[in-house]
Amino acid sequence: AMSVQRLLLLLYLSDGVLTKQLPEVDCIVMYLETVRCVWNGQGPPEFNYTFHGWFHFDNEMECPTYLWESGTRVGCVQPYGNRENRFNSFYTKLQYGSFNSFSTHTLKSKVKLRPPFNLTMKIGDDANLWCYWNQTNSCEENEVRYRTNSREWQQSSVVSSRSFCINLPSASSLYELQVRGRVESSCGESLFWSDWSEPVLWGSNNGTAKTGKSMSMSWWTLLLYSAGALTLILLVMMLRHRESHRVRIILLPVVPKPSFPSTIQDWLSHSKGLNESFKQNYHERACPVREYCPVPQPD
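Read on for a plain summary of the structure.

How each quantity is defined
Residues numbered from 1 in each chain as written. Predicted model: local features only at pLDDT ≥ 70, side-chain atom pairs only at ≥ 80, totals over all residues. Heavy atoms only, no water. Helix = DSSP H or I, 4+ residues; strand = E, 2+ residues; numbered from the N terminus. Buried < 20%, exposed > 50% of the residue type's maximum accessible area, 1.4 Å probe, protein only. Contact = heavy atoms within 4.5 Å. Areas by Shrake-Rupley, 256 points an atom, 1.4 Å probe, with all protein chains shown as cover. Phe/Tyr/Trp six-rings, centres within 6.5 Å; stacked < 30°, edge-to-face > 60°. Polar contact = N/O pair within 3.5 Å; in protein donor to acceptor, adjacent residues only side chain to side chain. Disulfide = S-S within 2.5 Å. Core = buried A, V, L, I, M, F, W, Y, C linked by side-chain atoms within 4.5 Å. Pairing = 2+ DSSP bridges. Axes fitted to C-alpha atoms, helices over the stretch in contact; angles between N-to-C directions.

Describing the overall build of the protein
Turning to step 1, where the next piece is worked out: Secondary structure assignment for the protein yields four helices and 17 strands.
Turning to step 2, where the next piece is worked out: A buried classification covers 29% of the 299 residues belonging to the protein.
Turning to step 3, where the next piece is worked out: The contacts in the protein between residues at least 6 apart in sequence include a share of 60% that link residues at least 24 apart.
Turning to step 4, where the next piece is worked out: Just so you have it, the protein exposes about 22,000 Å², and 56% of that area is on carbon and sulfur atoms.

Some words on the packing of aromatic side chains
Turning to step 1, where the next piece is worked out: The tally for this structure, following the rule as stated, stands at ten aromatic pairs.
Turning to step 2, where the next piece is worked out: With 5.9 Å between their ring centres and 85° between their planes, Phe55 and Tyr80 make a pair best called edge-to-face. Linking Phe55 in strand 3 (residues 50-55) with Tyr80 in the loop between strand 6 (72-79) and strand 7 (89-96), this pair joins segments that are 25 residues apart in sequence.
Turning to step 3, where the next piece is worked out: An angle of 15° between the planes, with centres 6.4 Å apart, marks the rings of Trp130 and Tyr132 as stacked.
Turning to step 4, where the next piece is worked out: When its relative accessible area of 34% is taken as the criterion, Tyr132 is described as partly exposed.

A look at the side chain of Asn142
Turning to step 1, where the next piece is worked out: Along the chain, Asn142 falls in strand 12 (residues 140-148).
Turning to step 2, where the next piece is worked out: Polar contacts involving the side chain of Asn142 include one to the side chain of Gln135, which spans 3.3 Å.
Turning to step 3, where the next piece is worked out: Excluding residues within four positions of it along the chain, Asn142 makes contact with Pro116, Trp133, Gln135, Ser157, Val158, Val159, Ser161, Val179, Arg180, Gly181 and Trp193.

Considering the state of the cysteines
Turning to step 1, where the next piece is worked out: Tallied over the entire structure, the rule returns three disulfides.
Turning to step 2, where the next piece is worked out: Linked covalently through their sulfurs, Cys63 and Cys76 form a disulfide whose S-S length is 2.1 Å. The S-S bond linking Cys63 to Cys76 shows a torsion near 110°; that makes this disulfide right-handed. Of the two residues, Cys63 sits in the loop between strand 4 (61-62) and strand 5 (65-69) while Cys76 sits in strand 6, which places them 13 residues apart along the sequence. Each of the two residues, Cys63 as well as Cys76, counts as buried.
Turning to step 3, where the next piece is worked out: In this model, Cys139 is linked to Cys187 through a disulfide, with the two sulfur atoms separated by 1.4 Å. Of note, the bridge from Cys139 to Cys187 carries an S-S torsion of about 100° and is right-handed in sense. Of this pair, Cys139 sits in the loop between strand 11 (129-134) and strand 12 while Cys187 is found in the loop between strand 15 (175-183) and strand 16 (200-202), placing the two residues 48 residues apart along the sequence.
Turning to step 4, where the next piece is worked out: The exposure class of Cys139 is buried, given its relative accessible area of 11%.
Turning to step 5, where the next piece is worked out: Disulfide partners in the protein, listed by the sequence order of the bonded cysteines, are 1-2, 3-4, 5-6.

Some words on the nonpolar core
Turning to step 1, where the next piece is worked out: In this structure, Val35, Trp39 and Phe51 are the most contacted members of the largest nonpolar core, which totals 21 residues.
Turning to step 2, where the next piece is worked out: Looking at this core, the elements that each hand over two or more residues are strand 1 (26-30), strand 2 (34-38), strand 3 and strand 7.
Turning to step 3, where the next piece is worked out: Dropping the residues within four chain positions of it, Trp39 is found in contact with Pro23, Glu24, Val25, Pro45, Tyr49, Phe51, Tyr66, Arg73, Val74, Gly75, Cys76 and Leu94.

Quick look at the sheet that holds strand 8 (residues 99-106)
Turning to step 1, where the next piece is worked out: Ordered by their spatial adjacency, four strands build an open sheet running 4-3-7-8, and the pairing between neighbours is antiparallel. Looking at which strands have only one partner, the edges of the open sheet turn out to be strand 4 and strand 8.
Turning to step 2, where the next piece is worked out: The pairing of strand 3 with strand 7 spans six bridges and is classified as antiparallel. In the strand pairing of strand 7, Phe55 is matched with Phe90.

So, the sheet that holds strand 14 (residues 163-166)
Turning to step 1, where the next piece is worked out: Read from one edge of the open sheet, three strands run 10-11-14, paired in antiparallel fashion. Each having just a single partner strand, strand 10 (117-123) and strand 14 make up the two edges of the open sheet. On average, adjacent strands in this sheet sit at an angle of 20° to one another, irrespective of strand direction.
Turning to step 2, where the next piece is worked out: Of the strand pairs in this sheet, strand 10 and strand 11 are connected by five bridges, and their pairing is antiparallel. Counted as the bridge partner of Thr120 is Tyr132 from strand 11.

Quick look at the side chain of Lys93
Turning to step 1, where the next piece is worked out: Summarising the element assignment, Lys93 is placed in strand 7.
Turning to step 2, where the next piece is worked out: The class of Lys93 is buried, set by a relative accessible area of 12%.
Turning to step 3, where the next piece is worked out: Polar contacts involving the side chain of Lys93 include one to the side chain of Glu60, which spans 3.0 Å.
Turning to step 4, where the next piece is worked out: Once residues within four sequence positions are removed from consideration, Lys93 is found in contact with Thr50, Phe51, His52, Trp54, Glu60, Asn100, Ser101 and Phe102.

A closer look at the pairing of strand 11
Turning to step 1, where the next piece is worked out: Burial of strand 11 is one-sided: the residues Leu129, Cys131 and Trp133 facing one way are buried, the residues Trp130, Tyr132 and Asn134 facing the other way are not.
Turning to step 2, where the next piece is worked out: Relative to strand 14, strand 11 runs antiparallel, the two being bridged by four bridges. Residue pairing across strands places Cys131 opposite Phe164, the latter belonging to strand 14.

Here it is as structure tokens:
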């Protein structure tokens, strides 16, 4: 009997020790679509635990989608269900073998929404710069931050509308703006802000330019313009090079026949007296000529 009592005491103590060593579970409602729970906040878990989670009035269910890290289960993502569930208690059970760890969570203030989207900026009739956006939840308050020419961010107070105004912007400056949101107090204020939205830009071109695809497209446009200019310069240089080696045919006008005589005969024909002077009008006696032979001299 004594050995059985010792065995039960040992099992009780070991159960208590293992229960204390089981990691804590931390849960948050993501986008009002799923509940995300993790148990690696104190470091990588030693075992692959089995997880169960359920809201009050719901049935206990095992995790449908585990989160893994280095081959070990570190979390769970399960459906959120009714949107009012966050006002109910959420229960979790972490299990390894025959040992369990139960926890109760209040998720009313642990909600993270999707960031606002479709941000646009334009000049209003009042000459101010207005920003507009959309959001997935109607019961949401927002916070805006913006900066000019990539300087430090200026953060606004919390706004309940889906618009924000920058007074009398400078058309020669570049404005960058982002928005984030959370559940407002009238719907059970959340402690968690959403991630910042994709930034939207407005600059000296008096238009909206979004980052991501739009910015990459603007870089492609600049690259295409540069390539076009370079191609045009190369074509001009090639044309000038060909022109310098081209055989040029120069058409000369027909030289008219000169008005003066082109030959002496034609020239003399214009003066009869001069022409007569060149005619032979004398006779000369012929003189016989013979080869000279030297005569030997006497001694």
